[in-house]
Amino acid sequence: MKKRLLCSLITLMACQSPKKEEQAPTTIPSASSEQATTKQNSNNFENTTPTPTARPDFPIGSVVYVLSKAEEQATALAENQSQATESFALGSKLVILGEEGPYYKVKKGSHEGYILKSEVGYQDEAFTHKELEQVSSLIEYKGTTHTPKDLDNLSEFFSISLISEADYQQALEHSPKSFDKGEEIEKKGKILSLPCQKKVAKYEDNSLEGFEAVYTYVGEHEAIGQYIVQVTGTQVVPYILTDKITGNELYMDGFPLLSADKKHIITLHTDPIHGVSDIALYHIEGTTPLRLKALVKASFAWWKCAMSPQTPIFLGEDNALYAAIYLLGLAEEHPAKLLYIRLVIKD
């Protein structure tokens with residue numbers, strides 16, 4: 001029976017010849033490229049077509065939509081596959097986790113499954129309020145790595161909404177300074193020395209094979225007694241808070257923004273390797289020395305922040321965080337596709 005179905009499928013696929021003008025261009029991304037260069041126009045695909053035209057491969061982490069269904073084809077192929085396909089509704093928004101032959105492994109919310117590559121594609125669509133707060137992975141929750149399995153959003157900690165570019169620019173124009181200039185500290189050669197009360201904290205530039213780190217003094221958060229050190233290079237944590245009393249270090253995945261009420265430190269950045277945006281919110285438990293409790297660390301599911309000097313991530317005078325973002329899975333990141341968010345920390 002399986003053999004007859006497979007033969008019928010091969011005959012059916014051989015007989016079908018989609019029109020050239022309806023077929024989307026296919027580009028296979030190279031292993032070294034960070035982003036796919038394929039472009040997708042969802043208007044080229046009809047939901048009623050029994051066998052959809054070929055669509056380009058999308059890199060892992062892309063956000064795609066179910067644009068058509070091919071139930072008969074999926075059933076025949078699934079009989080020769082170890083995994084079962086899922087029946088995702090048309091228009092469902094999915095994150096690609098991997099690929100196996102003609103299938104993508106995908107995730108919708110906390111649910112994972114498989115779907116034919118030919119059924120999905122890119123579609124430019126606005127975010128819902130819920131999607132802005134959804135996460136693809138929860139790293140830390142209220143001081144522990146034992147995270148709730150069913151928690152897939154950050155509404156407990158933040159309220160995130162889309163705003164206009166004009167509102168973003170106005171907030172940026174009136175935003176307070178993000179750190180204090182602090183004392184003059186000069187780097188001597190490859191060594192950065194920070195004078196703390198109990199010791200001198202030293203950072204030496206490295207240029208070893210496979211690991212490079214260059215340390216730069218940025219300034220300080222005077223209110224909580226911390227030096228701010230930026231680290232650039234490969235495989236490095238980009239920022240360090242160094243306690244001005246003890247010299248102890250706290251590593252930050254993004255620039256440590258201090259809330260106006262001095263109760264929280266928040267970081268938001270895009271991981272250059274994995275291409276996802278991570279957020280971390282810390283509660284300040286004490287300042288002599290600095291003690292932090294990680295309230296939440298997570299990766300966002302549907303968007304990533306733009307890491308550009310023209311679109312900085314900052315805290316406004318209203319103590320809300322502002323950022324420019326891209327939809328995950330864009331074939332090309334262009335300023336015209338930027339969206340803007342306002343994130344409010346909940347007490």
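Not measured: the values here are computed from a predicted model.

A few words now on the overall build of the chain. Within the chain one finds 4 helices and 22 strands. A sequence separation of at least 24 residues applies to 52% of the contacts in the chain between residues at least 6 apart. Accessible surface for the chain amounts to roughly 18,600 Å². Of this, 51% is attributable to carbon and sulfur atoms.

This paragraph deals with the sheet that holds strand 2 (residues 93–100). In any sheet, the strands associate via hydrogen bonds between backbone groups, in a parallel or an antiparallel arrangement. The strand order across the open sheet formed by 5 strands is 4-3-2-1-5, and the pairing between neighbours is antiparallel. Each edge of the sheet is formed by a strand with only one pairing partner; in this case those strands are strand 4 (111–116) and strand 5 (120–121). Direction of pairing for strand 3 (residues 103–108) relative to strand 4: antiparallel, over a ladder of 6 bridges. When the bridges of strand 4 are listed, Val106 appears paired with Gly113.

Another aspect to go through is the sheet that holds strand 14 (residues 249–252). Here we have 5 strands laid out as an open sheet, ordered 10-11-12-13-14, and antiparallel in their pairing. Where the open sheet ends on each side, the last strands, each with one partner, are strand 10 (206–208) and strand 14. Within the sheet, the average angular offset between the axes of one strand and its neighbour, ignoring direction, is 25°.

This paragraph deals with the packing of aromatic side chains. By the definition in use, this model includes 10 aromatic pairs. When the centroid spacing of 6.0 Å and the interplanar angle of 70° are considered together, the rings of Tyr217 and Tyr227 count as edge-to-face. Of this pair, Tyr217 sits in strand 11 (residues 211–221) while Tyr227 sits in strand 12 (residues 226–234), placing them 10 residues apart in sequence. The interplanar angle of 10° and the centroid separation of 5.3 Å between the aromatic rings of Phe314 and Tyr322 together place this pair among those described as stacked.

As a general feature of sheets, a regular strand has side chains that alternate between the two faces. Taking burial as the measure, the 5 residues of strand 13 (residues 239–243) include 5 buried ones, the bulk of the element. Judged from the 5 bridges that link them, strand 12 and strand 13 form a sheet pairing that is antiparallel. Pairing of Ile228 across the sheet is with Leu241, part of strand 13. Once strand 12 ends, the chain turns through 4 residues before running back antiparallel as strand 13, passing Gln235 with a positive phi of about 55°.

Before going further, it helps to examine the confidence of the model for the chain. Per-residue confidence for the chain gives a mean pLDDT of 80, with 77% of residues at or over 70. Confidence drops under a pLDDT of 50 for residues 1–55, and excluding neighbours within four residues, the segment shows 71 contacts in the predicted structure.

Turning next to unusual backbone geometry. For the peptide bond that leads from Thr288 to Pro289, omega is 0°, which places it in the cis range. Here Pro289 lies in the loop between strand 17 (277–287) and strand 18 (290–300). Its identity is not glycine, yet Lys142 carries a phi of approximately 50°, on the positive side. Here Lys142 lies in the loop between strand 6 (135–141) and strand 7 (158–163). By relative accessible area, Lys142 is classed as partly exposed at 39%. One non-glycine residue, Asn319, lies in the positive phi region at around 70°. Turning to its location among the elements, Asn319 is positioned in the loop between strand 20 (314–315) and strand 21 (321–327).

The next subject is the environment of Phe211. With respect to the secondary-structure elements, Phe211 resides in strand 11. Once the C-alpha coordinates of Phe211 and Val236 are considered, the two residues, 25 residues apart in sequence, prove to be 8.1 Å apart. Not counting residues within four places of it along the chain, the set of residues in contact with Phe211 comprises Asn206, Thr234, Gln235 and Val236.

The rules behind each value
- Residues numbered from 1 in each chain as written.
- Predicted model: local features only at pLDDT ≥ 70, side-chain atom pairs only at ≥ 80, totals over all residues.
- Heavy atoms only, no water.
- Helix = DSSP H or I, 4+ residues; strand = E, 2+ residues; numbered from the N terminus.
- Contact = heavy atoms within 4.5 Å.
- Areas by Shrake-Rupley, 256 points an atom, 1.4 Å probe, with all protein chains shown as cover.
- Pairing = 2+ DSSP bridges.
- Axes fitted to C-alpha atoms, helices over the stretch in contact; angles between N-to-C directions.
- Phe/Tyr/Trp six-rings, centres within 6.5 Å; stacked < 30°, edge-to-face > 60°.
- Buried < 20%, exposed > 50% of the residue type's maximum accessible area, 1.4 Å probe, protein only.
- pLDDT = per-residue confidence, 0-100.

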